[in-house]
Amino acid sequence: MSDQIDVSIVLNLHDEAVFLKRTTLSLEAAADFARHSGLKVELVIVLDNPSDDTRNWVATYRSLSFVAVRHVTVANGSLGPSRNDGIKLSRGRYIMTADADDLISYNSIVCFFDLAELTPGPSVIYPNFYLAFDRKNWLYRMFSTDVISPERFFENHPYVSRIFCRKEILTRIPFEDARISNGYAFEDWHHNMELWAAGCKMLVAKNTVVFYRIRNNSLMEKASKQSNGIPRPSKFLEPATYVELCDKWKAERGDPQPAKIPLYEEIKRSFFKSPVCRDLATSAMYIEPCIRIENVDHIDAFSNLNISPNMGEAYYKICKIIDERSFQQVALIPFMLTGGGEKYIFDVIDAIKKNRPNQKLLVISGEHVEKHTWLSRLSSDTTFIDLYDIGRNLSEEQRQTLALRIIQGCAPNALIHIKSSEFSNNFVRRFHNELGDAKLIFYRFCEMYTRTLEGWTPVGYDTQFITDCHGSLDLIICDNHEVARHDSARLDLCAHKYKVIPAKAEVIYSGDRTESLPTHKLLWASRIDQQKRPDLIIKIAKYIERNFKEISLKIIVYGSPALEKFDTDLFNDCNIIEYRGEYSRFCSLPLAEFDAFIYTSAFDGVPNVILEAMGAALPVIAADVGGISEVLNERTGYLIDRDASETETVKAYADVVRDFYEHFAEGRAKGRNGRDMIAAERSPNAYLRNIRATFFDREPADQVSAS
């Protein structure tokens, strides 16, 4: 007779002494049933930081149901490594995992063993049912991977921690350490992903049951509350592997129809009306009277087919777009609209890429917009992922999880450039600990304000984000000193992370406007929303029309509402405003047509559109908000007092317009001075020096290209 042990049960313990008699009686019943089929079963007990009661109970435990009972004490403080310790100690051809407070149906070992022996190739066997008892009652039915696709593995775990598998497989693919303190949990979910990625078939043994005890403050409950509800990264989730697994699953089934999801009552009937399952449950009830199979109308029932494949299908689409590319730069943005913030961030990325020519950029857009108006801004080697469009049927939290898996899969060491938005900020709040070796760069342009009865009052949205995530942010980049000073006075703990990089700008008109006559046209060009104050330009225009009739003037307005609704027909209520609709680039506007640029933003950093107007030698009229005074002064333009009332502000703008035309040559000189300042202080060379100082430290100057 062979001394080969067929099955090793690896039982993990910590502080469960009160349950151990019932747990081991259940395991003994299954081992006795297996012995009648000629199987030899051993019990391997792993005590991980055990309580005194648990240690003492194990020390006195004896059983004739097993060919051997062996135990080891460890101090892992984590289930995965402790399971591995038990597997190393085991001598069976097959491993069956077990937990300290659950029971199993007495047929489990035999059914698991028979199915594994009959299945060609590597396989993992799971119970057919989980029947929960104690604090909660529910029934969970599992199906094999002939109907469970890889996509259902993405959102939730279709299987369980109780597995039956060849020891050689678990030695090659051990459990990972998924202690809750590192942000991840669910070592069983991660391990089952790894097993599938390694080519294992995931099979369910018919009419086998785990009687699953639900306790207050159980490990599962703690994992759900204290972690992000996801497993650690795995081979399964790597884009190339994931696509291969999904394609293989579909190919093996031809053109698979969507699996029929069993109804609640069908699942209950399959267990509670089954004579076999009722017999198994009744036998377990004699060991654990808390198990119930009568009066089950109130019991919830569900299956692993109830797990939605939607997230997994979205991830598949994304992986197909990514292909096998890897990325060193990632931009997290709400959407791709024409704007100064977007231009600033992509200018920074472009400058970094010029000094790292082989680096690739991944842009992840996470919020809804009718149209991405500036995709043409992206270079041909940039990959753009519209998470909202791909996952329209998903929640924001689900899209956040998709973004994490994308970054982990193809950009684990990237520089992540974060444009403030609900999606980006909430993503970083939730997952900053899971981004590993990635470097987080937050772009901070200005303090945001909202209009209240008290006037324009600060919102504090970005301040709250920096407060929440300051320990994980590697850099906070500003385009102006004003916001950096403002924040440093309040967020002194992270003041050293602030870096001011003045925006790059170019001279886009090198001609001389000195001799040209005034056209009596002013340019207003911007995104149309509350911040940019289109309502104010209407008030200014009406004031000029009403009070300065001697001025023959047209204010030409370009722009379109992006996120906020604004009735552009309101521009038609004023005779001196001409609304010309949206525009894509400032330099594409007929700049020679205008005498000056007027800007009415309520709050800002250093607006790119002002720099472009100055680069076109247009005198600029703007309110002294944010960092605007860092480029606009008496030599280069006209500043309006930021603290004036609404009425005073309208009058101040109108007075400056009248003064500008009364001293037109002086105004033209301000335009030329502004252009000269752009050429001297905002040149590509000056910009790249700042980029080098921020990102490349002491690299030699000849490694930085100004082209």
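So, here's what we can say about the structure.

The rules behind each value
- Residues numbered from 1 in each chain as written.
- Predicted model: local features only at pLDDT ≥ 70, side-chain atom pairs only at ≥ 80, totals over all residues.
- Heavy atoms only, no water.
- Axes fitted to C-alpha atoms, helices over the stretch in contact; angles between N-to-C directions.
- Helix = DSSP H or I, 4+ residues; strand = E, 2+ residues; numbered from the N terminus.
- Left-handed = near helix turned anticlockwise from the far one by under 90°.
- Contact = heavy atoms within 4.5 Å.
- Nonpolar A, V, L, I, M, F, W, Y, C, P; charged D, E, K, R; others polar.
- Pairing = 2+ DSSP bridges.
- Buried < 20%, exposed > 50% of the residue type's maximum accessible area, 1.4 Å probe, protein only.
- Polar contact = N/O pair within 3.5 Å; in protein donor to acceptor, adjacent residues only side chain to side chain.
- Parallel < 35°, antiparallel > 145°, perpendicular 65-115°, else oblique.
- Right-handed = clockwise from strand over helix to strand, strands pointing away.
- Expected span 1.5 Å × (residues − 1).
- Salt bridge = Lys/Arg side-chain N within 4 Å of Asp/Glu carboxyl O.
- Phe/Tyr/Trp six-rings, centres within 6.5 Å; stacked < 30°, edge-to-face > 60°.
- Lys NZ or Arg CZ within 6 Å of the ring centre and 35° of its normal.

### Quick look at the packing of helix α12 (residues 310–322) against helix α15 (residues 396–410)
It is at 11 Å that the axes of α12 and α15 come closest, and there the two elements cross at 35°. For the crossing formed where α12 meets α15, the hand is right-handed. Of α15, the residues touching α12 (which contributes M311, A314, Y315, I318 and I322) are Q398, T401, L402, R405, I406 and C410. Residues that form the contact of α12 with α15 fall into these classes: eight nonpolar, two polar and one charged.

### As for the sheet that holds strand β18 (residues 475–478)
Here we have seven strands laid out as an open sheet, ordered β13-β12-β11-β14-β15-β18-β19, and parallel in their pairing. Each having just a single partner strand, β13 (383–386) and β19 (498–500) make up the two edges of the open sheet. Ignoring which end each strand starts from, the neighbouring axes of this sheet average 20° apart. Sheet topology places strand β11 (residues 329–333) next to strand β14 (residues 415–419); four bridges connect them, and they run parallel. When the bridges of β14 are listed, L332 appears paired with I418. Against the sheet, helix α13 (residues 340–355) engages β11, β12 (361–365), β14, β15 (439–443) and β18, with an angle of about 170° to β14.

### A look at the pairing of β13
Residues T383 and I385 of β13 are buried on one face, and the alternating residues F384 and D386, pointing to the opposite face, are buried as well. Here β12 runs beside β13; their pairing, made up of four bridges, is parallel. Paired with L362 across the strands is T383, a residue of β13.

### Structural notes on the environment of E545
Looking at where E545 falls in the secondary structure, it is placed in helix α19 (residues 534–547). Apart from the residues lying within four places of it in its own chain, the contact partners of E545 are C574, N575 and I576. Polar contacts involving the side chain of E545 include one to the side chain of N575, which spans 2.9 Å.

### Regarding the packing of helix α20 (residues 608–615) against helix α22 (residues 664–681)
In contact at an axis separation of 7 Å, α20 and α22 are set at 110° when each is read in the N-to-C sense. The orientation of α20 with respect to α22, classified from their angle, is roughly perpendicular. Counted together, L611, M614 and G615 of α20 and G671, G674, R675, M677 and I678 of α22 form the full contact between these two elements.

### Looking at the pairing of strand β24 (residues 620–623)
The two faces of β24 match: V620 and A622 on one face and I621 and A623 on the other face are all buried. Considered for its hand, the β-α-β crossover made up of strand β23 (residues 596–599), α20 and β24 is right-handed.

### Brief notes about the sheet that holds strand β21 (residues 554–558)
What the six strands build is an open sheet, ordered β22-β21-β20-β23-β24-β25; its pairing is parallel. Only two strands of the sheet have a single partner each, and these edge strands are β22 (577–579) and β25 (637–640). Averaged over all adjacent pairs, the angle separating strand axes in this sheet is 25°, with direction ignored. One ladder, built from three bridges, connects β21 with β22; its direction is parallel. When the bridges of β22 are listed, V557 appears paired with Y579.

### Topic: α13
Look at α13: 23 Å from first C-alpha to last across 16 residues, which is about the 22 Å you get at 1.5 Å a residue. With respect to burial, α13 is a largely interior element, 13 of its 16 residues being buried.

### Some words on the pattern of salt bridges
As enumerated under the stated definition, the model contains 43 salt bridges in all. One salt bridge connects R35 with D32, and the closest N-O pair in it is separated by 2.8 Å. In this pair, R35 and D32 are both assigned in helix α1 (residues 17–35), three residues apart and thus about one turn of the helix distant. For the salt bridge of D624 with R642, the shortest nitrogen-to-oxygen distance reads 3.6 Å. Here R642 lies in the loop between β25 and α21 (646–662) and D624 lies in the loop between β24 and β25, a separation of 18 residues in the sequence. When its relative accessible area of 39% is taken as the criterion, R642 is described as partly exposed. One network of salt bridges, with partners in common, ties together R22, D134, R135, R213 and E288.

### Some details on the packing of aromatic side chains
Pairs of aromatic rings are described using the distance from one ring centre to the other and the angle between the two planes. Per the counting criterion, the structure on display carries 37 aromatic pairs. A ring pair is formed by F566 and F571, whose centres lie 5.6 Å apart and whose planes are at 45°; its orientation type is tilted. Taken together through their ring pairs, the aromatic side chains of Y126, F153, F154, Y159, W196, F236, Y242 and Y315 make up a single cluster. The ring centre of F175 lies 5.7 Å from the NZ or CZ of R83, which sits over that ring.

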